[in-house]
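Understanding the architecture of this molecule
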Amino acid sequence: MSLYSEYLKEIEVRKNELGLHPKPIDSAELLSEIIAQIKDTGNAEREASLNFFIYNTLPGTTPAAGVKAKFLKDIVTGAETVAEITPEFALEQLSHMKGGPSVEALLDIALSDDANNAAAGEVLKSQVFLYEADTSRLADAFKAGNAIAKDILESYAKAEFFTKLDDIPEKIKVITYIAAEGDISTDLLSPGNQSHSRADRELHGLCMISPEAQQEIKKMGEENPDAKIMLIAEKGTMGVGSSRMSGVNNVALWAGEKTSPYIPFVNNRPVVAGTNGIAPIFLTTVGVTGGIGLDLKNWVQKKDENGNIVRDANGDPVLEEAYSVKTGTVLTIDTKAKKLLDSEGNVLVDVASAFTPQKVEFMKAGGSYAVTFGKKIQTFAAETLGIEAPVVYASSKEISHEGQGLTAVEKIFNRNAVGVKSKTPLHAGSDVRVKVNIVGSQDTTGPMTCQELESMAAATISPSVDGAFQSGCHTASVWDNKAKANTPKLMAFMNAFGVITARDPKGVYHSMTDVIHKVLNDITVDDRAIIIGGDSHTRMSKGVAFGADSGTVAIALATGEAAMPIPESVKVTFKGQMKPHMDFRDIVHATQAQMLKQFNGENVFQGRVIEVQIGTLLADQAFTFTDWTAEMKAKASICISTDDTLIKSLELAKSRIQIMINKGMDNEAGMLKGLIDLADKRIAGIQSGEEPALAPDDNAKYYAEVVVDLDAIDEPMIADPDVNNEDVSKRYTHDVIRPASYYDGRKVDLGFVGSCMVHKGDMQIIAAMLRNLEKNGPITFKAPLVVAPPTYNIVDELKAEGDWDILAKYAGFIFDDAHPKEAARTKYENQLYLERPGCNLCMGNQEKAEAGDTVLATSTRLFQGRVVEDSAEKKGESLLGSTPMVVLSTILGRFPTLEEYKAAVEGINLTSFAPPSEDLARPAIPLKAI
């Protein structure tokens, strides 16, 4: 059977079973068959083949794009003739193919003596996704006297690919649609349990919110063709949690604009909004699509006649509505005045933060990629021509305050800045391009990152990236047909691109399912590094790490750069003494609770960098804090470390990188060996005193300073989804932190120790607790306990040191890589499950608790339906706590009393933490840029 016949069968299945259109074509072999049928003028499938070729072939560097570009080039040059595709139409299609083989074909024509060379040159003037092979050809042709090459370069130097685009409208009419009340996680827009379909954009679009919501949005769009649908998080923040490009893609699919008539199911320019604005990572993703993200401020804290905040019975500030945005409300965005107006033209709120010069450029260009590449192309052209590039793009915002020191994040950005004109150090608010040192891609967003790389015509990783890793952790728990279809393909692509991959396409080394954040934390070997990762928990305890959408990951891999404003910082220090029965996870939760109390319910962490002085903890342990900052809604976090502790953390990182090398994971470029060399260089700089551990200046300026009182933390702290709160907007946030005594005796249906929030010490705690408890007789679990170690290294070390033996003794299930699970577990016995390293229950895309369960977990997510679905009888609850609390609760089948808890952990070192004896800030020293 031909590939085309198989494709027709697939089309019927998609149409009849799912109501979908034909899947876009990325196969070179299939498109070659389709082209053969187009050439055969008597072929019964010729008309359908033409439609597939023109309107349903993926662009960029997909295998199909290469075949399409070649055939279109042959039509332009007259080597092939197709009545329905004139040379002019062929050039138009090439102009929409976004780079790679299409640019190569256009250059072939433009730099030749073909009659259409000038026309091809005009098309090239609109293209921005050019790489070194393309720019070198243009430069060489220009030097050889080619007039068309000169004309193209002159256009590039003027950035006409940008200046000739239409400006954004001065007035944009919108009609509101409240997607949900309270914080909207990206799980609502792109559920984790549908992660396998993200690369199939039309199919994945069916999972956004609900089928009913999709039809409501569609109907509103049809009834209001002159307005854009604005999706709103009422009384909450839009896009919290995971960093999903697929979430924005889905919003754009239902409420955005079509990017190109020849690119199927890729839309852009959506409009989203939230009472408390847009989560930082999600806002970056909105920029990738050229969309608009508004901070509505339509609910405000109520105050009494004395100006004091009015509080409810729980002590929470009472909110009152400043103006209504109920579904169906017609509003206008005045992009020139930067105001949101009601239907009568009255100003409701200032939205200037959504229309900075840089964001407006993204909107005009249809996305941030085009601006990033456009700036590089303009610079190249001007340098080749030997002229000064005219100022076209908004100047980088460079803010410097005389006499003001630098925060840690300001130091990192200054050190890694690219193309900065300022002679003085830059402070928060400055817009800069920065070198990216480490890049991470995870497996449920990885297929989309591959698509993004193909769409921007990238063929290999930027040589300026120090380290990059593709994980397999998010789909580790079940090796089902979806994982079997997606994961090997993903690993092969990334491996060929130059990324270190968890799975070896050649089958030489054992497949790893290590949690990506743990690997990135290990391969980050400089506390002044910038890390970009395809997950909101990219929060390393060395350097500054930003969780990002799949597109931002792609651009970091392709260019080795990122662009963003330098964020504001909040300083966090500690006082007092940590009690021996407390786990560090309790300190993390208490930090959030104390911060909210200190600032009257205002989350000063939101959108900012948390600079936390926990520098006496090694990187593994410190990561427990930096990781949780995603749940604090922070943009990022930096661990300020002492010199001695940083050196120990770097030595640990070196040893783990060496294990990866010993397994055969290094690539031909010697990326892992290069990281060890960088670690040695950093250690030498610290030891010599020339480059001490990163620290803020003692006269740095912070947005706020939080001092955590360790003496006030006397019992384990639980993060609660508060599923029965009468105010729906207050459910499923991470802000409800309660002491364990609140839950005394409450039944626990399942416990989970795993995800990126745990490290080797947590596994050792479980073993120590089992030894403690079995002194009183046989241990019987009254609720299931699922344990997923973060990495294989940890499993190996536990086996070598003996702790694995006691875990295995009580385990009713132990993972077996030779025969991995092929189906997700739906029922649990009251026993210990030793699961494969990876994310497991935290992801919610494979394994889940039984519906309606009360789950106590070390996980990071308490979103509705993530770890546990609701049942008809009861809402599922995902309560988050420390490892010892989870373990003891499953053995008892309920929350323990404080006395029971203290007895169970007696004599166990629960990640003891003593704050630095003095503030780690230092007097200002000159910066060293790289």
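Just above sits the structure.
Keep in mind that this is a model prediction, so the values were computed, not measured.

Turning next to the nonpolar core. By size, the foremost hydrophobic cluster in this structure holds 187 residues, and its most contacted members are Phe53, Ile85, Phe469 and Leu557. Look past the residues within four positions of Ile85 in its chain and what remains in contact with it is Leu50, Phe53, Ile54, Leu72, Ile75, Ala90 and Gln93.

Overall, parallel pairing links the five strands, which are arranged S18-S17-S16-S19-S20 in an open sheet. For this open sheet the edge positions go to strand S18 (500–501) and strand S20 (544–547), each flanked by a neighbour on one side alone. Pairing geometry for strand S17 (residues 467–470) and S18, over two bridges, is parallel. Each bridged residue has a counterpart across the sheet, and for Gln470 the counterpart in S18 is Thr501.

Further remarks concern the pairing of strand S16 (residues 438–441). The side-chain alternation of S16 yields two buried faces, one formed by Ile438 and Gly440 and the other by Val439 and Ser441. Here S16 pairs with strand S19 (residues 530–533) via three bridges, running parallel. Its bridge partner being in S19, Gly440 is matched across the sheet by Gly533. Note: S16 against S17, four bridges, orientation parallel. Bridging across to S17, Gly440 finds its partner in Phe469.

Here His734 shows up in the loop between strand S26 (717–719) and strand S27 (737–739). Of note is the side chain of His734, whose polar atom sits 2.9 Å from the backbone oxygen of Thr860. Other than its neighbours up to four places away in sequence, His734 contacts Gln592, Trp628, Glu631, Thr860, Arg861, Leu862, Phe863 and Leu880.

Below, the discussion takes up unusual backbone geometry. The backbone of Ile209 shows a phi angle near 55 degrees, a positive value even though the residue is not glycine. When you line up the elements, Ile209 lands in the loop between helix H12 (201–205) and helix H13 (211–223). One non-glycine residue, Lys297, lies in positive phi territory at about 50 degrees. Note on placement: Lys297 falls in the loop between strand S8 (292–295) and strand S9 (299–301). Accessibility expressed as a relative area gives 43% for Lys297, which makes it partly exposed.

This part is about helix H23 (residues 584–598). Taking 1.5 Å per residue, 15 residues should reach 21 Å; H23 reaches 21 Å between its end C-alpha atoms and fits that length. Within H23, 12 of the 15 residues are buried, which leaves it mostly tucked inside the rest of the structure. All buried positions along H23 are accounted for by Phe584, Arg585, Asp586, Ile587, Val588, His589, Ala590, Thr591, Gln592, Gln594, Met595 and Leu596. Looking at where H23 begins, the residue whose side-chain oxygen comes 2.9 Å from the main-chain nitrogen of Arg585 is Asp583. One or two positions beyond H23, positive phi appears at Asn600, with a value near 55 degrees.

Parameters at a glance
Residues numbered from 1 in each chain as written. Predicted model: local features only at pLDDT ≥ 70, side-chain atom pairs only at ≥ 80, totals over all residues. Heavy atoms only, no water. Core = buried A, V, L, I, M, F, W, Y, C linked by side-chain atoms within 4.5 Å. Buried < 20%, exposed > 50% of the residue type's maximum accessible area, 1.4 Å probe, protein only. Contact = heavy atoms within 4.5 Å. Pairing = 2+ DSSP bridges. Helix = DSSP H or I, 4+ residues; strand = E, 2+ residues; numbered from the N terminus. Polar contact = N/O pair within 3.5 Å; in protein donor to acceptor, adjacent residues only side chain to side chain. Expected span 1.5 Å × (residues − 1).

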